[in-house]
Structures are given as structure tokens and as C-alpha cells.
Amino acid sequence: MEVLKKFNFKTLLNYAVFAIAMGFLEAAVVVYLRLLYYPEGFQFPLKIIPTDVAVVELGRELSTIVMLWFAARTFNGRFRERFIIFIFMFGVWDLFYYFWLKVLLNWPASWLEWDILFLIPVPWIGPWLAPALVSIGFIVVTILLWLRPEKFDGPAFSKKVWLIEIICALLILISFFWETANVVRGGLPEHYPWWLFLAAFALGFGTFLRAYLKS
């Protein structure tokens, strides 16, 4: 069986630089939006923005994912290798997005600051720390597979393992939708289900580590 192509450090560094730049670009757009709609500082409840601006925002977020994916496609490998590069860049991009916001706006002010995490198909609402933890997980997974690429093709990475990972991802998404209806109606986010997020995150990451060490 052909094993996963091993990434070298220079390859990951090049993709990391691209993701860091993407993070700054994303943060810069948010700086402009907050100056326009939240000059006193971002806070809930959300302000209603014009429909045409909202459509542009949806397009911008979708374009960000497309750009990351097509950057990953420049890697000369199979789909699985390109997907690993994608989640690596996604993790770096997301972490540095918040890093640049902290540098430019001194935000977030706390570890549990609420944020609009994404808009497609509906607003994702939650503390910024939650997606940051997911991004750290993405980066750790990438590095582990970079160090031992042959493990990705082992029998331990079975359909059962992938099914568990997909279920955990869906549970994390549910946690991001927990307060969506309330916020869209103009309310304040009140409760984030950390119990659901942490359980899904721990199960997903633990399942990967078990399969990785076992293979």
C-alpha cells in the first residue's frame, strides 16, 4: 500500500506563511467592518447590516475556504495529502486571525469572549476559544502525520474511526449553533455548551491518538 507522502519542514512553513497572511487579510476586513458598524467596540446584540453587505460577507467567507483549498491543491499528492495540508492551513489561518485581531484591535478581551465564528449556512456563535482549540487540534494532527506518514495508511484508520471523527465534528458544529436562533432574533448569547464541545473534541482527538499509536 502506498503510504502518505511525507511533508518536509519547508513545505509546511510555506503553507503556514500563506495561512498567516490570509489571517491578516481576514482580520483587516473585520477591522473595517467593526469601524463601520461597531465603532464603540464589538458587542452583542448584533446590528442589522444591509442585505447587499451581508451577501458580500457570505461570499467573502466562502472565498476564504475556496482559497485555502486551492492553495492546498498545489501540493503534489493525493486527495488525503492535500486535505491534511488544508486542515493545517485552516488551523494556522484561524489562530492567526485572532492573533491579528488582538494586535490591531486588542480583541478578544478575554478567553471566553463571544464571537460570530462563521456565517454559512447560518451564523455560528460561540467563544472564540472553542474554534481556536479545534485549530490547534488540526495543527497537532498535521504534525503527527508529518512525522510518521505511514500511520495514516494503517488499518487502525478504519471506517469506524472516520465515522467517529465525523460524528464528533457534527457535535462540535451543533455547539456552535446552540445560540444561533437566540442571537439572530436580537438576543444576547447566554450559554455555550462546553460540555458538548469538550466531550466531542476529546472523543475525536482521543480516537485519532489511539488509532495513531495503535497503527
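On a predicted model such as this, the values are computed, not experimentally measured, just so you know. (Residues numbered from 1 in each chain as written. Predicted model: local features only at pLDDT ≥ 70, side-chain atom pairs only at ≥ 80, totals over all residues. Heavy atoms only, no water.)

Caption draft 1: Focus on the pairing of strand S1 (residues 114-118). The element S1 is extensively covered by neighbouring structure, given that four of its five residues are classed as buried. Turn length for the S1-strand S2 (residues 124-127) hairpin, with the two strands adjacent in sequence and antiparallel, is five residues. (Buried < 20%, exposed > 50% of the residue type's maximum accessible area, 1.4 Å probe, protein only. Helix = DSSP H or I, 4+ residues; strand = E, 2+ residues; numbered from the N terminus. Pairing = 2+ DSSP bridges.)

Caption draft 2: Region of the structure containing the pattern of salt bridges. Summed over the entire model, instances satisfying the criterion amount to five salt bridges. Here Glu 26 makes a salt bridge to Arg 60, at a shortest N to O gap of 2.9 Å. Here Glu 26, found in helix H1 (residues 9-37), pairs with Arg 60, found in helix H2 (residues 51-72); they are 34 residues apart in sequence, far enough to count as distant. For Arg 60, a relative accessible area of 16% puts it in the buried group. Between Asp 115 and Arg 34 there is a salt bridge whose closest N-O contact spans 3.8 Å. With a gap of 81 residues between them, Asp 115 in strand S1 and Arg 34 in helix H1 connect regions that are remote in the sequence. By relative accessible area, which is 2% here, Asp 115 ends up buried. The class for Arg 34 is buried, based on a relative accessible area of 10%. (Salt bridge = Lys/Arg side-chain N within 4 Å of Asp/Glu carboxyl O.)

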